[in-house]
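# Topology and contacts: notes
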Amino acid sequence: MTTIKDQDLSKNQRLVDNIVLHAIDQVNFTVRNLGKRPTFAMLMECENCLTDFMPVIKLIVDDYPEYAHVYDKMASVLEAVQVHDDLSLIEFA
């Protein structure tokens, strides 16, 4: 990523952290709801949530590889949703 003169990198880092945290919160919310109501509609909602946020996280990972574990975890949760396997929440760590 190229930097702009006088750019506040800590502000950018906080923005990226907040985007990743928001995506994780939304995915975890739908995973919890799927656990409470394992209906076909909730399964579709969980899959939609993951497929909506994964491209955003992928773009972030391209510039900030330290978030690759979040993308990998989302991919494994998506796979688990698609094959009706046990789901686990995503952690920011």
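Below, the structure is looked at part by part.

Quick notes on the rules
- Residues numbered from 1 in each chain as written.
- Predicted model: local features only at pLDDT ≥ 70, side-chain atom pairs only at ≥ 80, totals over all residues.
- Heavy atoms only, no water.
- Patch = residues over 30% accessible without salt bridge, like charges linked within 9 Å, V, L, I, M, F, W, Y side chains within 5 Å.
- Areas by Shrake-Rupley, 256 points an atom, 1.4 Å probe, with all protein chains shown as cover.
- Salt bridge = Lys/Arg side-chain N within 4 Å of Asp/Glu carboxyl O.
- Helix = DSSP H or I, 4+ residues; strand = E, 2+ residues; numbered from the N terminus.
- Buried < 20%, exposed > 50% of the residue type's maximum accessible area, 1.4 Å probe, protein only.
- Core = buried A, V, L, I, M, F, W, Y, C linked by side-chain atoms within 4.5 Å.
- Contact = heavy atoms within 4.5 Å.
- Expected span 1.5 Å × (residues − 1).
- Arc of directions from axis to C-beta.
- Disulfide = S-S within 2.5 Å.
- Bend = angle between axes of the 7 residues up to and from the residue.

### A word on a nonpolar patch on the surface
Together, Leu15, Ile19 and Val56 make up an exposed nonpolar region whose accessible area comes to about 230 Å². With respect to the secondary-structure elements, isoleucine 19 resides in helix α1 (residues 9-36). You can call isoleucine 19 partly exposed: its relative accessible area is 34%.

### What about the pattern of salt bridges?
Inspection of every chain in the model, using the stated rule, returns one salt bridge. For aspartate 62, the salt bridge identified is with lysine 58, shortest N-O distance 3.5 Å. Of this pair, aspartate 62 and lysine 58 both sit in helix α2 (residues 40-63), separated by four residues, roughly a single helical turn.

### Side note on the nonpolar core
Soluble, globular proteins show a tendency: their nonpolar side chains are buried together. Counting 25 residues, the largest nonpolar core has Val20, Val27, Leu50, Ile57, Tyr67, Met74 and Val81 as its most contacted members. Elements that contribute at least two residues to this core include exactly α1, α2 and α3 (68-82). Here the element with the most residues in this core is α2; it accounts for 10 residues. Residue contacts for leucine 50: discarding those within four places in its chain leaves Val27, Met74, Val77, Leu78 and Val81.

### Notes on α3
Under the 1.5 Å per step criterion, the end-to-end length of α3 is 21 Å for 15 residues, consistent within 8% with the ideal 21 Å. Along α3, the residues classified as buried are Val70, Met74, Val77, Leu78, Ala80 and Val81. Projected down its long axis, α3 carries its buried residues within an arc of 160 degrees, all on one side. At the exit of α3 stands histidine 84, carrying a positive phi of roughly 60 degrees.

### A look at the state of the cysteines
Scanning the entire structure with this criterion turns up zero disulfides. Free of any disulfide, cysteine 46 has its nearest neighbouring cysteine sulfur in cysteine 49, separated by 6.7 Å. Judged by relative accessible area, cysteine 46 falls into the buried class, the value being 0%. With relative accessibility at 8%, the residue cysteine 49 sits in the buried group.

### Side note on α2
Taking 1.5 Å of rise per residue, 24 residues should cover 34 Å, and α2 covers 36 Å from first to last C-alpha, within 8% of that figure. Remark: the principal bend of α2, roughly 25 degrees, maps to methionine 54, with a proline, proline 55, within the next four residues. Within the sequence span of α2, burial applies to Met42, Leu43, Cys46, Cys49, Leu50, Phe53, Met54, Ile57, Ile60 and Val61.

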